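# Summary of structural features
One-letter residues, chain by chain:
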Amino acid sequence: MAISLNLNGQTHSVEADPDTPLLWVIRDELKMTGTKFGCGVASCGACTVHLNGEPVRSCQTYLGDVEDAEITTIEAIGEDRIGAALQQAWVELDVVQCGYCQSGQIMSAVGLLAENPKPSAEEIDSYMHGNACRCATYQRIRAGIERASEILEA
Amino acid sequence: MTLTTSRRGFLAATAATGAVLFVGLRPGGAMAAAATDTSLNPFVRIDADGRVTAIIKHVEMGQGPSTGLATLIAEELGMRMDQMAYDFAPSNPQVYNNLLFGPMQGTGGSTAMANSFEQYRRAGAAAREMLIAAAAQEWGVDAGSLDIVDGRITGAGQDASIGDFVAAASALDAPAEPRLKEASEFRLIGNADVRRLDSAAKGNGTAKFAIDTYLPNQMVVMIARPAQRGATATDFDDSAATEVAGFIRAALLPNAAGVAVYAENTWSAMQARDALDVTWDTSAAETRSSEDIRDEIMVALDAEPTYNVTGADRAATDAALAEADQVVEQTFYFPLLAHAALEPLNCTIEQTEDGRVVLHDGTQIPTLVHGALAQILEMPMEQIEINTVLAGGSFGRRATPQADYQSEAAMAFAMTDRSRPVKLVYSREDDMRAGYYRPAFGHKIRVGLDAGGQITGWDHRIAGQPVIKGTPFEAAFVKDGVDHSSVEGTSDTPYRIPGAVFGLTDIEKATTTLWWRAVGHTHTAYAMEVMMDMVARAAGADPVAYRLQYLDADGADQARMAGVLRLAAEKAGWGNPQDGRAQGVAVHKSFGSYVAEVVEVSGTPEDGIRIEKVTCAVDCGIAVNPDTVKAQMEGGIGYGIGHNMRDQITLTDGVVDQYNYPDYEPLRIGDIGEIEVHVVPSTAPPSGAGEPGTPPAAPALANAIAAVSDLRIGSLPMDEAGVSFA
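Residues numbered from 1 in each chain as written. Chains lettered and ligands numbered in written order. Predicted model: local features only at pLDDT ≥ 70, side-chain atom pairs only at ≥ 80, totals over all residues. Heavy atoms only, no water.

## Re the domain arrangement of chain A
Residues and elements named next belong to chain A. Per the domain assignment, the segments of chain A are domain 1 (2-76) and domain 2 (78-153). Measuring from the centre of the C-alpha atoms in domain 1 to the corresponding centre in domain 2 gives 21 Å. Between domain 1 and domain 2, the contact holds 16 residues from the first and 16 residues from the second. Around 1,300 Å² of area is buried between domain 1 and domain 2 when both sides are counted, 53% of it from carbon and sulfur atoms. Summed over the three residues of domain 1 that lose the most area to domain 2, namely His-50, Ile-74 and Ala-76, the buried surface amounts to 36% of that side. Our count for the domain 1 to domain 2 interface comes out at zero salt bridges. Taken together, domain 1 and domain 2 are joined by eight residue pairs in polar contact (both at pLDDT 80 or more). At the level of secondary structure, the elements contributing two or more residues to the side of domain 1 that touches domain 2 comprise strand 3 (48-51), strand 4 (54-57) and helix 2 (74-77). (Domains from an automatic or database assignment. Contact = heavy atoms within 4.5 Å. Buried area = accessible area lost by both parts, 1.4 Å probe. Salt bridge = Lys/Arg side-chain N within 4 Å of Asp/Glu carboxyl O. Polar contact = N/O pair within 3.5 Å; in protein donor to acceptor, adjacent residues only side chain to side chain. Helix = DSSP H or I, 4+ residues; strand = E, 2+ residues; numbered from the N terminus.)

Structure (structure tokens):
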């Protein structure tokens with residue numbers, strides 16, 4: 001059945017079962033590859049997208065449940081001032097290594113800074129706990145969030 | 001230097017409008033230049049608009065060779081880094097071989113910089129001299145009066161883009177011996193302000209990894225695999241799978257290792273595979289459990305070792321231990337470990353309109369994959385192209401000598417009419433359970449001390465599953481039966497240990513084993529450095545000072561190891577931890593690099609250990625990109641600490657127990673408080689950075705835990721040894 005999806009400000013009609021994880025709709029149907037598949041069980045955060053501005057794991061979010069929602073992916077998060085600040089900080093500090101988790105890291109970090117513009121290191125660690133980075137770029141993720149916070153404050 | 005206009009001048013003429021200068025190697029190995037890339041395999045491409053592209057022969061899995069090799073070109077050519085682009089090289093073992101691997105293109109052993117350092121600089125320097133020669137000819141000035149600065153040829157009152165001379169330069173012969181810069185002239189090499197070239201793309205979702213390959217009309221294949229290792233598929237029933245929308249078909253793999261499930265997309269493939277009912281023949285399957293493997297290793301440690309690695313006098317060591325004032329003894333056990341890179345294994349194969357085959361893959365060893373594909377697809381290698389793309393982590397996993405997952409993809413592709421591309425995708429569970437683990441190893445060490453606390457004998461026995469025996473790398477790494485990867489970091493330690501004897505016994509493999517970030521050093525560094533710490537404590541000595549006694553400064557190897565140890569100790573405030581904290585230290589040489597780490601912890605094993613800070617000092621020779629070296633130390637430390645805190649792969653009756661990250665818990669952001677890295681300035685040739693940060697991390701942590709608790713962790717992971725982490 002056709003389901004209508006509001007993603008990055010555009011409406012897409014998707015022919016898929018309502019039980020299909022949003023992750024696979026975004027990747028396999030819409031061919032937007034910035035959102036990553038890492039574990040499929042909401043344990044790594046690589047598939048994080050925003051649903052009405054809140055970070056969610058798209059591998060555990062189902063197409064049938066998001067018809068009326070506004071979905072944002074990494075491809076559009078740079079249009080958000082927090083997303084842009086994080087992307088700037090990520091480049092300044094060379095946060096990435098392999099880079100595979102970083103879409104999800106930034107999507108989660110936007111959620112953090114939206115609700116807490118000046119988080120402490122402990123608050124960062126707590127909020128970002130579910131986003132795994134197998135390259136262990138965590139020092140720089142923490143520093144990147146702190147730097148983005150500074151950029152936004154300026 | 002002499003430059004002559006070559007007979008290939010016509011190439012420049014034909015390329016005059018969209019001119020390109022390539023500098024690279026002819027098939028015979030000579031440095032050469034051309035205006036097309038069909039006549040040679042280039043290291044650098046320069047377009048008429050002045051854009052410079054470094055052709056990267058190593059895979060980018062996060063360790064930074066795309067930035068690193070581009071830095072080498074930019075340094076010698078005279079470019080700024082923001083003027084540089086990069087592209088990955090095709091598979092060609094004659095030209096893009098790893099100079100340390102022989103005729104094999106590959107990335108591993110922390111060798112990307114070590115083997116490319118001169119090669120890529122020479123390419124950049126040759127391009128520079130040719131562009132300058134072309135400009136000098138055009139302007140009628142002496143080449144010696146010209147320089148290239150930020151992509152512009154300047155001097156003698158002239159100033160123009162290098163792009164303007166691409167056509168003319170491509171008609172020249174490349175200099176055989178271009179002048180390379182002296183270290184004192186470096187602007188970019190060693191410059192900590194140089195940034196990665198891939199940061200922006202990896203932060204905005206545009207970077208393309210192998211799994212992001214979406215070709216028109218492609219199918220997704222997932223493979224139904226046996227739970228019990230080594231079982232074979234004999235039959236299957238796909239009647240339930242046919243109910244899954246998007247399911248295409250299922251087919252037994254020709255090697256019976258599983259059943260390939262073809263579907264229109266990934267989700268359909270996952271569902272159809274779940275619905276498939278496969279009949280497995282388990283008669284030849286693995287039945288052992290991890291406990292059995294462990295028992296075998298422990299028995300071997302108590303028996304006479306098969307190999308005396310260095311041929312040392314065992315009787316003399318036995319005598320020294322018998323006469324020792326005290327003997328310090330410890331047994332170690334290291335479990336199987338999965339690499340668990342975040343991008344699940346995958347690759348895509350397509351047949352092009354002209355009948356060639358292209359593999360899109362993030363492999364570490366294109367040459368072996370290339371050969372495997374040629375065999376399975378029954379095609380000459382020349383008709384197969386490997387398009388290397390970004391790897392979402394690897395840590396050794398995308399480097400199996402058997403080309404495991406690529407062979408599966410090729411088998412699945414070969415069972416079709418080849419009209420549709422085939423994308424093979426592993427689920428996380430497949431990736432976790434498919435084998436190719438860091439092998440299980442045991443060490444038993446007995447050290448004799450005299451009344452003054454000095455070492456008189458070191459009896460070190462190792463037993464485990466060899467990684468390299470039986471692979472194409474055997475000739476290079478197995479000597480007199482000893483697989484070097486089983487003992488590296490022990491018998492070749494820079495420590496000058498009196499009366500040291502190293503014994504090795506191979507254990508039959510219960511699973512496929514593989515190198516895993518830092519290979520043998522992942523266990524040898526732990527055994528050596530925990531033992532050193534125990535011996536120092538038994539001698540009543542400071543662990544840093546005690547180690548330094550065995551690193552006397554008259555050897556370069558010893559001096560460099562002592563250098564990082566002193567630096568890490570100084571920067572960490574060794575001996576003066578913050579209140580309520582304790583420190584542990586470890587130092588290790590691997591892949592030609594020396595790394596010392598001091599871990600500072602708070603808490604107790606019972607109430608929870610918190611890793612407050614790790615201070616690291618690294619000497620990897622010339623650090624081409626110091627910030628990348630720092631990042632690799634940070635990551636290497638995390639990789640070493642994370643797994644040793646709480647990860648292991650276990651088997652029950654031949655079945656892997658772990659399924660996904662929830663029971664193979666990755667290091668998380670809050671696990672390590674702070675990491676501080678100091679890079680030792682050096683003029684030595686570059687060695688490795690990708691792996692050497694890993695080996696000292698876990699033993700430094702273990703030694704810190706021992707400092708707060710007297711708990712000595714011999715068997716890993718640490719949480720099983722009674723350590724909880726805050």
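## Some points on the pairing of strand 9 (residues 219-224) of chain B
All names here are of chain B. Within strand 9, six of the six residues are buried, which leaves it mostly tucked inside the rest of the structure. Here strand 9 shows a buried face lined by Met-219, Val-221 and Ile-223 and a second buried face lined by Val-220, Met-222 and Ala-224. Where strand 9 and strand 19 (residues 422-425) come together, three bridges link them in parallel fashion. Residue Met-219 lies in a different strand from strand 19, and its bridge partner there is Val-422. Pairing of strand 9 with strand 12 (residues 259-263), which is carried by five bridges, proceeds in the antiparallel orientation. If you follow Val-221 over to strand 12, its bridge partner there is Tyr-262. (Buried < 20%, exposed > 50% of the residue type's maximum accessible area, 1.4 Å probe, protein only. Pairing = 2+ DSSP bridges.)

## Re helix 2 (residues 65-77) of chain B
All names here are of chain B. Over its 13 residues, helix 2 extends 18 Å from the first C-alpha to the last, a length consistent with the 18 Å expected when each residue adds 1.5 Å. The element helix 2 is largely enclosed, with a buried count of 13 among its 13 residues. Looking one or two places after helix 2, you find Gly-78, whose phi comes out positive at around 100°. (Expected span 1.5 Å × (residues − 1).)

## A few points about a negative patch on the surface
Residue and element names in this part refer to chain B. A cluster of acidic side chains, namely Glu-291, Asp-292, Asp-295, Asp-653, Asp-719 and Glu-720, defines a negative patch on the protein surface. Looking at the element boundaries, Glu-720 is found in the segment after helix 18 (697-709). By relative accessible area, Glu-720 is classed as exposed at 60%. (Patch = residues over 30% accessible without salt bridge, like charges linked within 9 Å, V, L, I, M, F, W, Y side chains within 5 Å. Areas by Shrake-Rupley, 256 points an atom, 1.4 Å probe, with all protein chains shown as cover. Lys, Arg positive; Asp, Glu negative; His and termini not counted. Charge placed at Lys NZ, Arg CZ, Asp CG, Glu CD.)

## A closer look at the packing of aromatic side chains
Residue and element names in this part refer to chain B. All told, the structure shown has 14 aromatic pairs over all chains when counted by the stated rule. Measuring from ring centre to ring centre gives 6.3 Å for Phe-332 and Phe-334, while their planes differ by 15°; the resulting arrangement is stacked. On the basis of relative accessible area, Phe-332 is assigned to the buried category, the value being 1%. Centre to centre, the rings of Phe-473 and Trp-515 are 5.2 Å apart; their planes meet at 85°, and the pair counts as edge-to-face. Note that Phe-473 is positioned in the loop between strand 21 (455-464) and helix 12 (474-477) and Trp-515 in the loop between strand 24 (500-506) and helix 14 (521-538), a separation of 42 residues in sequence. A relative accessible area of 13% places Trp-515 in the buried class. Among the aromatic residues, those joined into a cluster by ring pairs are Phe-43, Tyr-96 and Tyr-120. Its end group placed over the ring of Tyr-214, Lys-423 keeps NZ or CZ at 3.8 Å from the ring centre. (Phe/Tyr/Trp six-rings, centres within 6.5 Å; stacked < 30°, edge-to-face > 60°. Lys NZ or Arg CZ within 6 Å of the ring centre and 35° of its normal.)

## Some words on the interface of chain B and chain A
Taken together, the contacts link 61 residues of chain B with 50 residues of chain A. Taken together, chain B and chain A are joined by five salt bridges. Listed by contribution, the elements that provide at least two residues to the side of chain B that touches chain A are helix 5 (199-203), helix 6 (266-275), helix 11 (428-433), helix 17 (626-646) and strand 30 (672-679) of chain B. Ranked by the residues each element gives to the side of chain B that touches chain A, the list is headed by helix 17 of chain B, at nine residues. Classifying every residue of the side of chain B that touches chain A by side-chain character gives 28 nonpolar, 18 polar and 15 charged. (Nonpolar A, V, L, I, M, F, W, Y, C, P; charged D, E, K, R; others polar.)

## Considering the pattern of salt bridges
Counted according to the given criterion, the structure contains 55 salt bridges over all chains. Ionic pairing is found between Asp212(B) and Lys36(A), a salt bridge with its closest N-O pair at 2.4 Å. Of the two residues, Asp212(B) sits in the loop between helix 5 and strand 9 while Lys36(A) sits in the loop between helix 1 (22-29) and strand 3, which places them in two different chains. Take Asp212(B): its relative accessible area is 6%, and that puts it in the buried class. For Arg140(A), the salt bridge goes to Asp627(B), with nearest N and O atoms at 2.9 Å. On the criterion of chain membership, the pair formed by Arg140(A) in helix 6 (residues 138-153) and Asp627(B) in helix 17 is interchain, its members lying in two chains. A relative accessible area of 9% means that Arg140(A) is categorised as buried.

## A few points about the environment of Ile445(B)
Position of Ile445(B) among the secondary structure elements: in strand 20 (residues 441-449). With sequence-adjacent residues up to four places away left out, Ile445(B) is seen in contact with Val328(B), Glu329(B), Gln330(B), Phe332(B), Trp458(B), Asp459(B), His460(B), Ala527(B) and Met531(B).

## Some details on the packing of helix 4 (residues 102-115) of chain A against helix 6 of chain A
Residues and elements named next belong to chain A. Closest axis-to-axis distance for the helix 4/helix 6 pair is 11 Å, and the angle between their directions is 45°. The angle between helix 4 and helix 6 falls in the class oblique. Note on packing geometry: the crossing formed by helix 4 with helix 6 is right-handed. Across the interface between the two elements, Gln-102, Gln-105, Ala-109, Leu-112 and Leu-113 of helix 4 pack against Ile-141, Ile-145, Ala-148, Ser-149 and Leu-152 of helix 6. In the contact of helix 4 with helix 6, the residues fall into seven nonpolar, three polar and no charged. (Axes fitted to C-alpha atoms, helices over the stretch in contact; angles between N-to-C directions. Parallel < 35°, antiparallel > 145°, perpendicular 65-115°, else oblique. Left-handed = near helix turned anticlockwise from the far one by under 90°.)

## Describing the confidence of the model for chain B
Overall, the prediction assigns chain B a mean pLDDT of 94, with 96% of residues at 70 or greater. Scored below 50 in pLDDT, residues 1-17 of chain B shows 28 contacts in the model against residues more than four places distant or in partner chains. (pLDDT = per-residue confidence, 0-100.)

## Section: the sheet that holds strand 1 (residues 2-7) of chain A
Residues and elements named next belong to chain A. Reading across from one edge, 2-1-5-3-4 is the order of the five strands in this open sheet, with mixed pairing throughout. The two strands at the open ends of the sheet, each matched to only one other strand, are strand 2 (10-15) and strand 4. Strand-to-strand twist of the sheet, defined as the mean angle between neighbouring strand axes without regard to direction, takes the value 40°. Two elements, strand 3 and strand 4, share four bridges in a ladder whose sense is antiparallel. Residue His-50 lies in a different strand from strand 4, and its bridge partner there is Pro-55. Where helix 4 meets the sheet, its contacts fall on strand 3, strand 4 and strand 5 (70-72), and the angle it forms with strand 3 comes to roughly 35°.

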